[in-house]
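Remarks on the overall topology
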Amino acid sequence: MTDIVVLGSTNMDLVTYVTKAPQRGETVTGREFRTVPGGKGANQAIAAARAGGDVLMIGAVGNDAYGTHLRSTLEHSGVDTDDLRTAEGPSGTAHIVVDDEGGNAIVVIPGANGTLDHLSPGDEGVIASADILLLQLEIPLPAVVAGAQAARRHDVRTVLTPSPAQPLPDELLAAVDLLVPNEHEATTLTGRTDPREAATALLDRVPEVVVTLGAAGSLYVTRGADPLTVPAPKVTAVDSTGAGDTFVGALAVALGEGRPMPDALAWAAAAAALSVQREGASASMPYRPEIEARYAS
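Residues numbered from 1 in each chain as written. Predicted model: local features only at pLDDT ≥ 70, side-chain atom pairs only at ≥ 80, totals over all residues. Heavy atoms only, no water.

In the nomenclature of an unreviewed UniProt entry, the protein chain is known as Ribokinase of Streptomyces shaanxiensis. A UniProt comment under Function (unreviewed entry) is attached to the protein chain, and it reads "Catalyzes the phosphorylation of ribose at O-5 in a reaction requiring ATP and magnesium. The resulting D-ribose-5-phosphate can then be used either for sythesis of nucleotides, histidine, and tryptophan, or as a component of the pentose phosphate pathway." Quoted straight from UniProt, the Subcellular location (unreviewed entry) entry for the protein chain says "Cytoplasm". (UniProt positions renumbered as here; feature names shortened; annotations may be inferred.)

Structure follows, in C-alpha cells:
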C-alpha cells in the first residue's frame, strides 16, 4: 500500500441545495440542508484511503460536536488520526451552496484549522515515513511551507493543491514536486487564462503540473515533454463539491503504486466522475472496487 500523509484542514460542510444560487442581495428558497464532514485536507485523506492508500492525517479539530464527528468520519474511512489535534474552540466550517447544475460556491471559516501554523514535535518523522505528502492551503501557510520542506529533506514526493487560490512564495514551490491547480488557481498563480499557457509557465517554478479542467478532464505538463490531456468520463453531475479532492487523493494512490502518469490521471478521473454523481464531499467519495470498475469501463 502507498503510505500517504495529509497535512491540512478538516471542516464541517454546511450544505444548502438550491435551484439557482442567489445573487448579491437576493434571497432564494432552498430545497435541502445537510451537514457533511469535509475540508480539503480531510477530503483528500478520505479519498486516498478509500482508493486503497495507507493514510495518516495531520490536522486539528475543535473541542465541539463537529470535531468529534470529523474525527470519527476519518477513522471510519480508514484514516489514522493519531496526529489530528483537538484545539480549544470551534472546528472549521465551510458554508456551501449547490445549484441544480452541480455547481457550488463556498465560504470557509478556519476555526481550529487556524491553530495549525507550525509542525509539532514528531510531525517531521511522520512525514519522513511517507511515500507522498498531500498539501492544500486551508491551514496557515507557515505550516504548509514547513511540511513541504520536511518532505523535501526526506525525499518524500510532495503534491500541492493551491486552494484557496492565492500567490505562493518561492520557498514553498521550491519544495513541491507536483502542483495540481484547477483553471482558476492556475490563472491566479500565473496571470494567464489559457490552461496550457498557465501550466507551461508554472514549470519555471515546479517540475510537474496537472491542471484539472472539470468535465474536460486534466492537462499534464512536465519539463522536457509535450503536454498531455486526459479526458474525463462523461457523466451527469449532481454535486461537484469535493471532486477535485477525490481526484487528488486517487491520483496520489495511483502514483504511489507506480502507475504511469496517463494511467494515473485516467484512474483519478474515474474516481472524480463517480464522486460528482453523488451529493456531498466526503460522502460522495468512491471505494477502490468502484474506481477499478469505472476505470475498466
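Focus: the nonpolar core
The biggest cluster of nonpolar side chains holds 46 residues, and the ones touching the most others in it are Ile4, Phe247 and Leu251. Mapped onto this core, the elements with two or more residues apiece are strand E1 (3-7), strand E2 (11-17), helix H1 (40-50), strand E4 (54-62), helix H2 (65-76), strand E8 (132-135), helix H8 (243-256) and helix H9 (261-275). At 10 residues, H9 tops the list of elements feeding residues into this core. Leu251 has contacts with Leu178, Met261, Ala264, Leu265 and Ala268, leaving out every residue within four places of it along the chain. Counting residues in each nonpolar core, the second largest holds 38 residues, with Leu133, Leu173, Leu202 and Val211 among its members. (Core = buried A, V, L, I, M, F, W, Y, C linked by side-chain atoms within 4.5 Å. Buried < 20%, exposed > 50% of the residue type's maximum accessible area, 1.4 Å probe, protein only. Helix = DSSP H or I, 4+ residues; strand = E, 2+ residues; numbered from the N terminus. Contact = heavy atoms within 4.5 Å.)

Some thoughts on the side chain of Ser282
Within the secondary structure layout, Ser282 lies in the loop between H9 and helix H10 (288-296). Residue Ser282 is classed as buried on the basis of its relative accessible area, which comes to 4%. A polar contact of 2.6 Å, which involves the side chain of Ser282, links it to the backbone oxygen of Pro37. Residues in contact with Ser282, not counting those within four places in the same chain, are Val36, Pro37, Asn43, Ile46 and Arg50. (Polar contact = N/O pair within 3.5 Å; in protein donor to acceptor, adjacent residues only side chain to side chain.)

Observations regarding the UniProt feature "active site" (unreviewed entry) in the protein chain
Per the UniProt entry, the sites bearing "active site" (unreviewed entry) are Asp245 in this numbering. Along the polypeptide, Asp245 turns up in helix H8. Excluding residues within four positions of it along the chain, Asp245 makes contact with Lys40, Asn43, Gln44, Ala47 and Met285. One polar contact links Asp245 to Lys40, side chain to side chain, over a distance of 2.7 Å.

Here we look at empty space enclosed by the protein
All told, the structure shown has 1 cavity of 30 Å³ or more when counted by the stated rule. Here the largest cavity is characterised by a volume of approximately 40 Å³. Lining the largest cavity we find Pro37, Gly38, Ala42, Asn43, Ile46, Leu70, Thr73, Leu74 and Ser282. Of all the secondary structure elements, the ones that give two or more residues to the lining of the largest cavity are strand E3 (32-38), H1 and H2. Its residues assigned to classes, the lining of the largest cavity comprises 5 nonpolar, 4 polar and no charged. (1 Å grid on protein atoms, 1.4 Å probe; cavity = no way out; pocket = protein on both sides within 12 Å on 5 of 7 lines; lining within 4 Å. Points joined across faces, edges and corners; volume = space filled by probe spheres on them. Nonpolar A, V, L, I, M, F, W, Y, C, P; charged D, E, K, R; others polar.)

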